[in-house]
Amino acid sequence: RVKRGWVWNQFFVLEEYMGSEPQYVGKLHSDLDKGVGTVKYTLSGDGAGTVFTIDETTGDIHAIRSLDREEKPFYTLRAQAVDVDTKKPLEPESEFIIKVQDINDNEPKFLDGPYVASVPEMSPVGAYVLQVKATDADDPTYGNSARVVYSILQGQPYFSIDPKTGVIRTALPNMDREVKEQYQVLIQAKDMGGQLGGLAGTTTVNITLTDVNDNPPRFPKSIFHLKVPESSHVGSAIGRIRAVDPDFGKNAEIEYNIVPGDGGNLFDITTDENTQEGVIKLKKPLDFETKKAYTFKVEASNLHLDHRFHSVGPFKDTATVKINVLDMDEPPVFSKPMYTMEVYEDTPVGTIIGAVTAQDLDAGSSSVRYFIDWKNDVDSYFTIDATEGTIATNELLDRESTAQYNFSIIASKVSNPLLTSKVNVIINVLDVNEFPPEISVPYETSVCENAKPGQVIQTVTAADRDLSPAGQRFSFRLSAEASNKPNFTVHDYRNNTAGIETRRNGYSRRQQELYFLPVVIEDSSYPVQSSTNTMTIRVCRCDSDGTILSCNVEAIFLPVGLSTGALIAILLCIVILL
């Protein structure tokens, strides 16, 4: 085997060569070349002919244009020695590499910049903020062209940066967001290890201090004055107060409370979530004539506390609220919420039955006028004196037709007739005893032929069309003409009932079938009314137990077991004989 006879130096070429002549790279030589011109050198592969050329006779290689290592760090080529005469290879084709040698022609670059970061206010020194990173396109394996060092050009003394890692940290303690919230830090990355002559790149880091609850709410003044009309409605907002908290977001949320005391029980306070103001609302009605001013204290406190700042002090503040009630022109006020009156029926027209009273409680104390709120014809039964407020009858009243009247009376101020009040008046019509009591229902009373004296054959009750007042009683007795007859008597039980009792020992239907008993019923009202009610008592045939067997007239003469037709035939025969 023929020994390989290639001889060349290791090939390097400088990037960014700016000379006027082609840059010499190296020389190819075969030991078969005796220097007589019989050997020809050829070059193929990356950049052959376009980037690199070779002298066919001497084997010298030159770069004919400027190269950029960051674009292409090396080129792979193939060389061959050929006999000039026979055109045959003298050696097998051999591959070699030309490396582009790096120079420091690229500055460090922050590919992710500019940066945005945040750190809580009041953080201690050395609190982590952000890590930045710069990239250098130069060869990190050759020299210091790609060794980057970080530094702060703008942003000191608030922040610091680690020169090797690019980690940014706080450099001052207790930085306050309320003093300064935004910081712009300029970071430099320099290659060549930061030495003189190195290339540098910069980026901006915008750092925001985030809020923590390090400030308590404070009232800007110790006393708040409010003026409230006495006519304000319950539940309405009558004023606003505000405590200032320089914190942000939920750390600035404030809760307001009324400190318990004499003046605050008429008011309530809530927080407006949008403005963080304390909205004072009315809980009970105001009256200028009763009380003209109120004073109470309001406390403002944070909802979300940070335990790290408890030592600063209580996160709350207190202010005094003074409310002056403004006098408003108000309608008259009736002395009662409702009036109830009574009048007897058939009272003469024009009789005064009562009066209503309304008063103007305002400072001017205007006179009051009264009138009935007409709604239907029923209201015309009464009149009212416009000045005195006395109510009188306008028509005759009948309790049995209408027992109660319900209407409204309006009072207005003479100084301002539009200001009116209304009150309800109920008039009960009292009964005058004009109807006598009567037996409540018609009774079918019977008595047995074999009845004994003192036997109760009927219990009766009475009814009165008059409105019976409490305690009214009815009394029962026989009429004067019946009291002398020994047939029946009336026993008054004194509970508005009476019993009809027998006075004889037995009754005969043949002698008398019907008895008519006049019963006198009397009420206890004034004037006393009474009536005579006649009761019909029928005599009946009963068994030994008192059970009624028959009360018919035809049964008086009937033998036992005869039919009706037979009885009629017998009666006809008797008539004919007579």
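Looking at an unreviewed UniProt entry, the protein chain carries the name Cadherin-12, with the source organism given as Nipponia nippon. According to UniProt, the comment filed for the protein chain under the heading Subcellular location (unreviewed entry) is "Cell membrane". What UniProt states about the protein chain under its Function (unreviewed entry) heading is, verbatim, "Cadherins are calcium-dependent cell adhesion proteins. They preferentially interact with themselves in a homophilic manner in connecting cells; cadherins may thus contribute to the sorting of heterogeneous cell types."

K.L.:
Just give me the short version of the sheet that holds strand β34 (residues 456-463), but keep the residues and values in it.
P.N.:
Two pairing modes exist for strands in a sheet, parallel and antiparallel, and in both the strands are linked by backbone hydrogen bonds. Pairing in this open sheet of four strands is antiparallel, and the strands run β32-β34-β37-β36 from one edge to the other. Looking at strand neighbours, the two that pair on one side only are β32 (438-439) and β36 (488-492), the edges of this open sheet. Alignment of β36 against strand β37 (residues 497-502), held across five bridges, turns out to be antiparallel. Bridged to Asp492 within β37 is Ala498.

K.L.:
Tell me about the pattern of salt bridges, residues and numbers included.
P.N.:
Here the structure, examined in full by the defined rule, presents 14 salt bridges. The closest approach of N and O atoms between Glu178 and Arg177, which form a salt bridge, is 3.0 Å. Of the residues examined, Glu178 reaches a relative accessible area of 25% and is grouped as partly exposed. Among the salt bridges present, the one from Arg509 reaches Glu449, with a minimum N-O distance of 3.5 Å. Here Arg509 is found in the loop between β37 and β38 (514-522), whereas its partner Glu449 is found in the loop between β33 (445-448) and β34, with 60 residues between them in sequence. Relative accessible area serves as the criterion here: at 6%, Arg509 is assigned to the buried category.

K.L.:
Before we move on, could you go through the environment of Tyr41 and cite the residues and values that matter?
P.N.:
Its place among the elements puts Tyr41 in strand β4 (residues 39-45). By relative accessible area, Tyr41 is classed as buried at 0%. A sequence separation of 28 residues divides Tyr41 from Arg69, and the C-alpha atoms of the two residues are 27 Å apart. Reaching out from Tyr41, the side chain makes a polar contact with the backbone nitrogen of Ser30 at a distance of 3.1 Å.

K.L.:
Tell me what's going on with unusual backbone geometry, and back it up with residues and numbers.
P.N.:
Leaving glycine aside, a negative phi is the common case for residues, and trans is the common case for peptide bonds. Of note, the bond from Gly113 into Pro114 is cis; its omega dihedral lies within 30 degrees of zero at -5°. Looking at where Pro114 falls in the secondary structure, it is placed in the loop between β8 (94-101) and β9 (115-120). Not every positive phi belongs to a glycine, and Lys87 is a case in point at roughly 65°. Relative to the elements of secondary structure, Lys87 occurs in the loop between β7 (74-83) and β8. For Lys87, a relative accessible area of 60% corresponds to the exposed category. For Met122, which is not a glycine, the phi torsion comes out positive at approximately 65°. Tracing the sequence through the fold places Met122 in the loop between β9 and β10 (128-131).

K.L.:
Which residues make up the domain arrangement of the protein chain, and what are the values?
P.N.:
Under the domain assignment, the protein chain is made up of domain 1 (10-101), domain 2 (109-210), domain 3 (223-326), domain 4 (333-430) and domain 5 (438-550). Here domain 1 and domain 4 have C-alpha centroids that lie 130 Å from each other.

K.L.:
Got a sec to walk through a nonpolar patch on the surface? Specific residues and values, please.
P.N.:
A surface patch of nonpolar side chains, about 440 Å² in accessible area, is lined by Ile570, Leu571, Ile574 and Leu578. Since its relative accessible area comes to 42%, Ile574 is described here as partly exposed.

K.L.:
Give me the lowdown on the pairing of strand β20 (residues 277-282), citing residues and values where you can.
P.N.:
Among the six residues of β20, five are classified as buried, and the element is accordingly described as predominantly covered. In the sheet, strand β17 (residues 237-242) pairs with β20 via five bridges, with the strands oriented antiparallel. In the strand pairing of β20, Arg240 is matched with Val279. Inspection of the sheet shows strand β19 (residues 267-271) paired to β20 by five bridges, in the antiparallel sense. Bridge pairing in β20 links Thr270 to Val279. Here β19 folds back onto β20 in antiparallel fashion, the turn holding five residues, of which Gln276 has a positive phi close to 60°.

K.L.:
An account of the state of the cysteines is needed here, citing residue identities and associated values.
P.N.:
Applying the stated criterion across every chain yields a total of two disulfides. Here Cys448 connects covalently by a disulfide to Cys542, the sulfurs 2.0 Å from one another. With the S-S bond torsion at -85°, the cross-link from Cys448 to Cys542 turns out left-handed. On the criterion of sequence distance, the pair formed by Cys448 in strand β33 and Cys542 in strand β39 (residues 530-542) is long-range, its members being 94 residues apart. On the basis of relative accessible area, Cys448 is assigned to the buried category, the value being 9%. For the protein chain, the disulfide bridges join cysteines in the arrangement 1-3, 2-4, where the cysteines are counted in sequence order.

How each quantity is defined
Residues numbered from 1 in each chain as written. Predicted model: local features only at pLDDT ≥ 70, side-chain atom pairs only at ≥ 80, totals over all residues. Heavy atoms only, no water. UniProt positions renumbered as here; feature names shortened; annotations may be inferred. Pairing = 2+ DSSP bridges. Helix = DSSP H or I, 4+ residues; strand = E, 2+ residues; numbered from the N terminus. Salt bridge = Lys/Arg side-chain N within 4 Å of Asp/Glu carboxyl O. Buried < 20%, exposed > 50% of the residue type's maximum accessible area, 1.4 Å probe, protein only. Polar contact = N/O pair within 3.5 Å; in protein donor to acceptor, adjacent residues only side chain to side chain. Domains from an automatic or database assignment. Patch = residues over 30% accessible without salt bridge, like charges linked within 9 Å, V, L, I, M, F, W, Y side chains within 5 Å. Areas by Shrake-Rupley, 256 points an atom, 1.4 Å probe, with all protein chains shown as cover. Disulfide = S-S within 2.5 Å.

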